[in-house]
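The residues making up each chain are set out below.
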Amino acid sequence: MSTSLLVRSTLPRALAHRAILPRNNSTLKHAYVPGGPIPKGSANDATTFPPPSPTHGSYHWVFERSLSAALIPLTAAAFVTSGSNFPIVDNLLGLSLVIHSHLGFNQAVVDYLHTRKFPVIGRIATWGLRTLTAATLIGVYQFNANNIGLTELIAKVWTA
């Protein structure tokens with residue numbers, strides 16, 4: 001009976017003493033970090049951020065909102081002055097509408113077809129949008145320069 005009592009009383013001390021002794025860490029790849037080692041190349045790696053750009057973030061947001069707000073008086077001015085009398089206002093309206101539409105569609109492409117998740121379709125959609133925007137800009141310019149203009153067209157369709 002006394003030997004089992006002696007073993008029971010000394011065993012936890014021996015385990016506790018062994019836990020306090022320093023171990024040989026030569027076999028470990030990483031030094032001990034409180035909370036555990038952090039292996040490289042896993043989900044624990046820090047996220048890499050893109051370099052800051054003035055075309056993204058708050059500057060981009062302010063430009064989009066300013067363009068949207070400027071479309072209201074520009075549209076009114078184009079219809080009050082008549083596009084054939086003032087072609088610069090008609091061209092500004094056409095340019096602003098195309099840029100406004102491009103920014104909106106670009107946000108949809110970025111949100112739903114991001115190139116990290118869809119590397120092929122995302123790039124096709126981005127470049128397709130850019131191509132269609134350039135073609136639309138050329139078409140709006142040609143229509144304003146060689147035909148009745150955007151404002152006159154809308155006025156004729158509205159009164160038809």
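As named in an unreviewed UniProt entry, the protein is Succinate dehydrogenase [ubiquinone] cytochrome b small subunit, taken from Candolleomyces aberdarensis. Its UniProt record gives the protein a comment under Sequence similarities (unreviewed entry), which states: "Belongs to the CybS family." Of the comments in the UniProt record for the protein, the one headed Subcellular location (unreviewed entry) reads "Mitochondrion inner membrane".

Q: When you look at the overall build of the protein in this model, what are you seeing that I'm missing?
A: A tally of regular secondary structure across the protein gives five helices and zero strands. Here the protein holds 160 residues, and the buried ones make up 16% of them.

Q: Before we go on, may I ask you to explain the nonpolar core in this structure?
A: Considering soluble globular proteins, one finds that nonpolar side chains tend to be buried as a cluster. Core analysis: the biggest nonpolar cluster contains six residues, these being Leu-71, Leu-74, Ala-78, Val-89, Leu-93 and Leu-150. For this core, the secondary-structure elements that each account for two or more residues are α2 (58-81) and α3 (87-112). Counting residues per element, this core draws most heavily on α2, at three residues.

Q: Where do I start with helix α4 (residues 119-146) in this structure?
A: In an α-helix, one turn spans 3.6 residues, which is why side chains three or four residues apart end up on the same side. End to end, α4 covers 40 Å across 28 residues, agreeing with the expected 40 Å (1.5 Å per residue, within 8%). In this structure, the buried side of α4 is in contact with α3 and α5 (150-159).

Q: I would appreciate a short explanation of the side chain of Ser-96 in the present structure.
A: With respect to the element layout, Ser-96 can be found in helix α3. Accessibility expressed as a relative area gives 12% for Ser-96, which makes it buried. Those residues in contact with Ser-96 that sit more than four places away from it in its chain are Leu-67, Leu-71 and Leu-74.

Q: Would you take a moment to explain the packing of α2 against α3 for this structure?
A: Helices that pack against each other are described as a pair by the angle of their axes relative to one another and the distance between those axes. One way to put it is that α2 packs onto α3 with a least axis distance of 9 Å and a crossing angle of 145°. Between α2 and α3 the crossing geometry is left-handed. Residues His-60, Phe-63, Glu-64, Leu-67, Ser-68, Leu-71, Leu-74, Thr-75, Ala-77, Ala-78 and Thr-81 of α2 form the contact with α3, whose own contacting residues are Val-89, Leu-92, Leu-93, Ser-96, Leu-97, Ile-99, His-100, Leu-103 and Gln-107. Counted by class, the contact of α2 with α3 contains 12 nonpolar, seven polar and one charged residues.

Q: Whenever I open this one, the pattern of salt bridges confuses me. Can you help?
A: Applying the stated criterion to the full structure yields one salt bridge. Its salt-bridge partner being Glu-64, residue Arg-65 comes within 3.2 Å of it at the nearest N-O pair.

Q: Looking at this structure, I do not really get the UniProt feature "binding site: heme b" (unreviewed entry) in the protein. What am I missing?
A: Per the UniProt entry, the sites bearing "binding site: heme b" (unreviewed entry) are His-100 in this numbering. Overall, the relative accessible area of 34% leaves His-100 in the partly exposed class.

Q: What am I meant to see in the environment of Ile-124 here?
A: Residue position: Ile-124 is located in helix α4. Judged by its relative accessible area of 57%, Ile-124 is exposed. With 11 residues separating them along the chain, Ile-124 and Leu-113 place their C-alpha atoms 9.7 Å apart.

Q: Explanation requested: α3 in the structure shown.
A: The first and last C-alpha atoms of α3 sit 38 Å apart over 26 residues, in line with the 38 Å expected at 1.5 Å per residue. On the buried face of α3, the contacting elements are α2, α4 and α5.

What counts and what doesn't
Residues numbered from 1 in each chain as written. Predicted model: local features only at pLDDT ≥ 70, side-chain atom pairs only at ≥ 80, totals over all residues. Heavy atoms only, no water. UniProt positions renumbered as here; feature names shortened; annotations may be inferred. Helix = DSSP H or I, 4+ residues; strand = E, 2+ residues; numbered from the N terminus. Buried < 20%, exposed > 50% of the residue type's maximum accessible area, 1.4 Å probe, protein only. Core = buried A, V, L, I, M, F, W, Y, C linked by side-chain atoms within 4.5 Å. Expected span 1.5 Å × (residues − 1). Contact = heavy atoms within 4.5 Å. Axes fitted to C-alpha atoms, helices over the stretch in contact; angles between N-to-C directions. Left-handed = near helix turned anticlockwise from the far one by under 90°. Nonpolar A, V, L, I, M, F, W, Y, C, P; charged D, E, K, R; others polar. Salt bridge = Lys/Arg side-chain N within 4 Å of Asp/Glu carboxyl O.

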